[in-house]
Amino acid sequence: MKKSKSQPEYVIPPSKIDFEALVKQHGHAKARQLLRTSNIEQHQHDVKQAETDRHQALHKQRAYETLKLSQTAGRASALSIAQKIVAANTSVEALERALEGGSVAGLAGLAKVIKAHEKQKLEERPPHARHEFIEDHKSQYALRSTKWELLVPNNGLHGFPTGMCENLALQTAYIRRINASRNEFVRLTNAEHPQLSVYHFRYLVSLNLSFNKITRLPDNFGELSSLEVLILSNNRISKLPRSFNGLTSLRTLDLSGNSFSYLPEEFGGMMNLADVDLSNNLFSSFPYPLIKLESLKILKISRNAISHLAILPPHLKWKDMFVPIIDEVYGRQIFMNILTRERVRHIELFTTKRIDRAADLHTFQREGTLSYRRRKMWLSVCGIHEWEPASDPQSGKIYYKNNVSGQTSWHLPPSLDSLGLMEVLTELTLRDNPISYLPPSFSRMKQLVKLVMVRNRLKDLPEDIGNMKHLEILDISSNELKLLPVSICDCTALKILHLDDNHLVRLPENLGFLPNLKSFSVNSNRLTALPFSLGYCKTLRTLSCNENMITDPPMMEFTKGLDTVLWYLRNRFMIDKHGKPPLMEYHEIGIAHEVTILKPEFEETITQKMIGAQKDGILNLQLLGLREIPVQILAMKNLRRLKLDFNDYLDVSRGFPPELHRLQALSFRACRLPVLPDNIHVFDRLTNLNLEENRLEWLPDSFCELLALTTLNLSKNHIYRLPDAFHHLTALQTLILESNYLEELCDHFEAFTQLKVLHLGKNRLGEVPDEVCHLENLRVLNLEKNKLTLLPRYINRMALVDLRVGHNKLESLAEDLFQFELGDSVRMFSCVENNLLELPTTIRLLDATCTLEADYNPLISPPQYLLSDGLLVLKNYMAIRAARRKLLYELMVDEDFDLSESSFSPVACEVLEDGTGFLTPDDLAAFDQAVQEYMNGEFFKCPATGEEIVARVTKLRDDRETEMYLRIIYAFLDTLNEIVLVQKDPRFPESSICEIQRPWGRNGEMMNCWAISLVTLLRETGPNMYYPEGRPSVFNMIAQRLPPMAFPFTVDLLKDSIRLYISPYGPVADTEQVTFPACDCVDDIRGKPKRHDPCQKAAVVLAKSVYIDEEADRREEEEDEFLERFETVEDDVRIWLVTDEGRKCLEKEVKKRKAILREELSLREEMLMAQQMKHKKKNEELKGLQGRLSLFLQAAPYEQHGFYTKEEATMAIDKVQDEIAKFHNRIGILTTIVADLKAKLSVDWKTACVNAALDLVQKYCVLAYNEAVTAFRQKALDNGWKRHWDGEDGKAFAEWKRHHVVKKRATDGDDDDDDDAADHTDTSGRGGLQRTTSTNSVRSDTSGGSTNTNASSRRRNKNGELEPEFNWDETSKMEKYNLPVYTRYRQVNGFSFMPK
């Protein structure tokens, strides 16, 4: 370790220093130095001592900080780690033990607790705090990234995110780039994060804090020595710190949009600064430090208040008036004042008395004298410049005032003309400043490439601006320029010159000789003419001179384009130089006659072409603007081919010269010929004729005499009909008739046996004759852009190589289109832009090299996007589609469905014709949709197979059949219930409808059924002795009850419903012989009753409860729910009984039961003794009566027996005997009760506890059962379900529903059913089971049957104590809790409990 420096002997604590003694010992200057040194050393000593004391006092907090840095205690904050743990419900002692013991596991566990607490608290944060939390995580992610960037623009931050201020981040995050623009920053660092300082940004390379509210920068901002890019635009900064020049690496600086009015002198020392933006500030003059920046290349200082470009130098300082010299006497250094020649040992001791007495320093002096220089220095030290710009109040012009001599000047003094020193500057932008002139040194910036001075007040430009050879962009729009210096034409690198919105009246004549000028704009000036030299500017691409008074060139020339204007300027330049040219006769050639040549030149061209044609017999006279066939060519004996294309003024109406009869090829393309002359037959040797793009409407009959024609092109004409003898041209091999108005072809088209290429596109053909299919040599057929709806029938027999039928109205293509010769030969097939919904499946037979075009069709099969995948994909698609069609057809036939295969495509519609059963129209439509998805369009996306689709429709057919049968059975059953139970119609007594039972329930259980005779069901009974008014048939009543159906209700349908419907438990109806309790049979002939006994009749037996699969499943689910609740209640009770509370309550209950049993036993024994006494008395009374009866029978006197008759005695004896029998029964019952009570009292403690526990379980199981039943009933009521198993044939559920509806009406009135509260079942009295069951789910939020153990929901007794969770209230009589379901459960599941 380094030894600390000891304080020097002369360092005295400031509180004990004797300054006078030091002055006497060392002198005044040395004493002041010693005093200053002493203060510094004392301050450093105090700081070190304070840090030592603080470190010792916060030793434990260092341990907490170590835990923070390990990322186990969250972010750094003002809270200590102990406070965080307290907030997380963790004791501080746990942390101290973990820290003292050094347990890693303890620290890790503690970290998990704290992190979980922070995650839990995130949701409790207010929106603003949650936003800051998220931004902290963003910053942490940025710090962990490999780019070391923090990008948080436009987030409303008032400071850097908290996550960035964590200790770990401050120590390890070497952040390189920060973009925090458009936030609410006021300062770079703030009091909220005192641990964050400029030191932590020392590795920063780029900093963007634009569009904030920063008012000042930290004083030590210059410590960011690595910073290269600094953007502080649009803030509120007005001053830079003194340390700013410490940013030695800074290259780009943006201070625009602030409040700067000056730059410190130190700013000029930033040698690497190359790009500076000072726009939109408060500068009134050009900052002097800018000219000191040796590397500055780009400067933007727009939108300030700079009215001149005079650069005021910095003022001299006080110490600049002194020069150090050596004292001749003492040999030590002293200082001499330049102005007064005074000598002092220390500059601070100098007084201005002699300066105040010097008159030449306080009066104007003549320039060039010594007094002038002395006054200039003194004024500079006092903060006054030699020259200062000022504004003339009358004209507003800038003039310059000399404060030394008192003179004024309109010209810029050389001492203020320093702008030219910025020789490396390449871009200068001075927009929106009131600058009226440029200094003379401006032209010395020879490296300047771009100069923008828009919206200033420039009156002129420097005359030597031509010295700026590198200037490429010059924009001085919106100024007051009237003339441009001639030297601007020497700026040879100039590419863009914008002079809009000035007062220019004339431009330099040689401006057009700028070799690189591309864009020239002089809008809104006062020009009357453009320099003619612009016509020779070859690089010019943009010329804009709007809003001028230009007459030369005329404005009409500008509307023709730039080339026309330049051509005009070139002509004017030549006219001015050489005068006007002589008039010449010219000839126009070209497609649009855009080329003009002289007449002699035109004639020479024809001559040269004729000379060239002498060799090969081919004469090309196209694009020459001919008005007639040249006479010169008639003498050419060897001419074989003549091209006269694109001579749109050519006139042949007077006929063709017979001298051209040797021609073999003739072309009149685009000659606008309206008709052909009748003597066209003179070309009897013509084999190739091109009449494309003319205006022919018909062909002369002589045209058909050109029998040697093999190639004929009549496209792009107006022909609407071919000559009748057109078929005589049998030698034709190529016939092009496209782009005409043909509506039909000529007759005998099969005569063109040699035809190989036939183009009929872009006509009005509605059909193509079948004769075309007889052209065996035809290889190319183009029928595009017609009105075809069908193709020729036998087109598949043609060996075509190229077939195009696009842009027609075809709606379908024949399925066998490519099945024969066409499929083998075709290599190009196009059917684009038709109305095709599908392509034929025979596409799979095409060769892989074939090109298929079928775009712009409403294709379903294949999908449009598959066309871009190529022919191979389409072939696979069609092969799979054909296989699917075949498979689906076979499967449907196997399932006895009748269908038409043609209805499969292009859109599956009405596929099923017969064998559909009871399928509805919606079902059939859904099946059509399934078939459509399976085999058409994007069938490869269909997840279902053909077997699945057929299986679904088959099952749906069966389900619809079942639904139909079930609907009829329900109507049948409702009709019987209404007749017998509701209306109690006397016309249907038990002799026609009675109740019986059949073993049709679950597991063969007996079910209540209706039995109705077939006569009652099917026949209407006329009036007879039983039914005077007659009786309708039940069948008709069923038909009236049934809802509208797609199928008629018949007896056979009813018979099928009875015979074929099977419930989950078995049959629900049958036809059999039934014995009725009465007979209502009447002889049809005599009309008398038959009185059968017994009366057996054919009848339909129908179960009163008809189950469906869903109801059977719900019944099973309910029973499972009961068992699950019983098990839950039993487990809860067993768990509760082993608790202290449960054991105490059980012991108390057993003791209570023992006491009650003893009390009841005592009472019952007393009652038994009383009955025995009464029984004994009655026996004695009976013996007395029997003795008196014997005396009566012995005819003893009345006084001895007291009876008048024997019957009286017998009645008395019988009465007593009855009373004795009653007493005997009572005694027997009481004896049994007493024996039972003694048996219960005699059981041991363990058995008594088990019995009490069983009673408690049974009680709460029954309560849970009642709750579940209520919930199931409520759910069934909400969903409109039936509950056949709830009571006998669902009567219990019907009764509950009736009471529930009455109760709801009484309590809720007319409220909606959705607002009804679910029933609460609590039959347990105080402390009983309480649970609210949702109408949407049977189960409560807790497990089924579990009790509520929350202390807040338990009741309290009178003493305020919580009552037990379970109790034995109302268990003295367990008969009320007898439940068959629970009995079966108890029989299957035993009960194990081991009480203490």
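These remarks concern the structure in this document. The shown structure was predicted, so the numbers you read here are calculated from the model rather than taken from an experiment.

**So, helix 10 (residues 370–381)**
Every α-helix carries 3.6 residues per turn, so stepping three or four residues along brings you back to the same face. With twelve residues, helix 10 should reach 16 Å at 1.5 Å per residue; the first-to-last C-alpha distance of 17 Å fits that figure. Restricting attention to buried positions, one finds in helix 10 the residues Tyr372, Arg374, Arg375, Trp378, Leu379, Ser380 and Val381. On its buried face, helix 10 sits against helix 9 (353–357), strand 11 (387–391) and strand 12 (398–402). Downstream of helix 10 by one or two residues, Gly383 has phi in the positive range, about 90 degrees.

**Looking at unusual backbone geometry**
The residue after Ser861, namely Pro862, is reached through a cis peptide bond having omega -5 degrees. Cis geometry marks the peptide bond from Ser905 to Pro906; its omega dihedral reads 0 degrees. Inspection of the secondary structure puts Pro906 in the loop between strand 33 (898–899) and strand 34 (912–914). One non-glycine residue with positive phi stands out, namely Ser524, at about 55 degrees. Along the chain, Ser524 falls in the loop between strand 18 (519–521) and strand 19 (542–544). For Ser524, a relative accessible area of 24% corresponds to the partly exposed category.

**Looking at the packing of aromatic side chains**
Applying the stated criterion across every chain, the model contains 31 aromatic pairs. Plain terms: the ring middles of Phe918 and Tyr965 are 6.0 Å apart, the flat faces sit at 75 degrees to each other, and that makes the pair edge-to-face. Here Phe918, found in the loop between strand 34 and helix 16 (921–935), pairs with Tyr965, found in helix 17 (residues 946–982); they are 47 residues apart in sequence, far enough to count as distant. Aromatic side chains Phe939 and Phe940 sit 5.9 Å apart centroid to centroid with 70 degrees between the ring planes, which places their arrangement in the edge-to-face category. By relative accessible area, which is 2% here, Phe939 ends up buried. Among the aromatic residues, those joined into a cluster by ring pairs are Trp1136, Tyr1260, Phe1366 and Trp1368. The side chain of Arg182 reaches across the aromatic face of Phe211, ending 4.0 Å from its centre. If you follow Arg202 out to its NZ or CZ, it ends over the ring of Tyr199, 4.0 Å from the centre.

**Structural notes on the sheet that holds strand 23 (residues 641–643)**
Strand pairing in a sheet relies on backbone hydrogen bonds. The paired strands run either parallel or antiparallel. Taken together, eleven strands build an open sheet; the order of strands is 22-23-24-25-26-27-28-29-30-31-32 and the sheet is parallel. Because the sheet does not close on itself, it has two edges, and the strands there are strand 22 (618–620) and strand 32 (851–853). When the angles between neighbouring strand axes are averaged without regard to direction, this sheet yields 5 degrees. Looking at chain direction, strand 26 (residues 711–713) and strand 27 (residues 734–736) are connected through three bridges and run parallel.

**Quick look at the packing of helix 17 against helix 19 (residues 1034–1041)**
Close contact between helix 17 and helix 19 brings their axes to 9 Å; oriented N to C, the two are set at 115 degrees. In this structure, helix 17 meets helix 19 at a crossing whose hand is right-handed. Contacts between helix 17 and helix 19 involve Ile968, Ala971, Phe972, Asp974, Thr975, Leu976, Glu978 and Ile979 from the former and Val1034, Met1037, Ile1038 and Arg1041 from the latter. Of the residues that constitute the contact of helix 17 with helix 19, the class distribution is eight nonpolar, one polar and three charged.

**Remarks on the nonpolar core**
For soluble globular proteins, the rule of thumb is that nonpolar side chains tend to be buried together. Residues Phe221, Leu230, Phe244, Phe267 and Phe520 are the most contacted members of the largest nonpolar core, which totals 95 residues. Beyond its immediate stretch of four places on either side in the chain, Phe267 contacts Leu240, Phe244, Leu253, Leu273, Pro289, Leu290 and Leu293. Counting residues in hydrophobic clusters, the runner-up holds 92 residues, among them Phe668, Cys746, Leu803 and Leu846.

**Details of the sheet that holds strand 11**
The strand order 11-12-13 describes an open sheet built from three strands, whose pairing is antiparallel. This sheet does not close on itself; its edge strands, each paired only once, are strand 11 and strand 13 (408–409). Where strand 11 and strand 12 come together, five bridges link them in antiparallel fashion. Across the sheet, the residue bridging to Glu388 is Lys401, located in strand 12.

**Overview of the pairing of strand 12**
Of the two faces of strand 12, the one holding Ile398, Tyr400 and Asn402 is buried and the one holding Tyr399 and Lys401 is not buried anywhere. Where strand 11 hands over to strand 12, the hairpin turn is made up of six residues, of which Gly396 adopts a positive phi near 80 degrees. Inspection of the sheet shows strand 12 paired to strand 13 by two bridges, in the antiparallel sense. Opposite Lys401, over in strand 13, you have Thr408 as the bridge partner. Counting the residues that bridge the hairpin from strand 12 to strand 13 gives five residues, and of these Gly406 lies at a positive phi of roughly 85 degrees.

What counts, and where the lines are drawn
- Residues numbered from 1 in each chain as written.
- Predicted model: local features only at pLDDT ≥ 70, side-chain atom pairs only at ≥ 80, totals over all residues.
- Heavy atoms only, no water.
- Helix = DSSP H or I, 4+ residues; strand = E, 2+ residues; numbered from the N terminus.
- Expected span 1.5 Å × (residues − 1).
- Buried < 20%, exposed > 50% of the residue type's maximum accessible area, 1.4 Å probe, protein only.
- Contact = heavy atoms within 4.5 Å.
- Phe/Tyr/Trp six-rings, centres within 6.5 Å; stacked < 30°, edge-to-face > 60°.
- Lys NZ or Arg CZ within 6 Å of the ring centre and 35° of its normal.
- Pairing = 2+ DSSP bridges.
- Axes fitted to C-alpha atoms, helices over the stretch in contact; angles between N-to-C directions.
- Left-handed = near helix turned anticlockwise from the far one by under 90°.
- Nonpolar A, V, L, I, M, F, W, Y, C, P; charged D, E, K, R; others polar.
- Core = buried A, V, L, I, M, F, W, Y, C linked by side-chain atoms within 4.5 Å.

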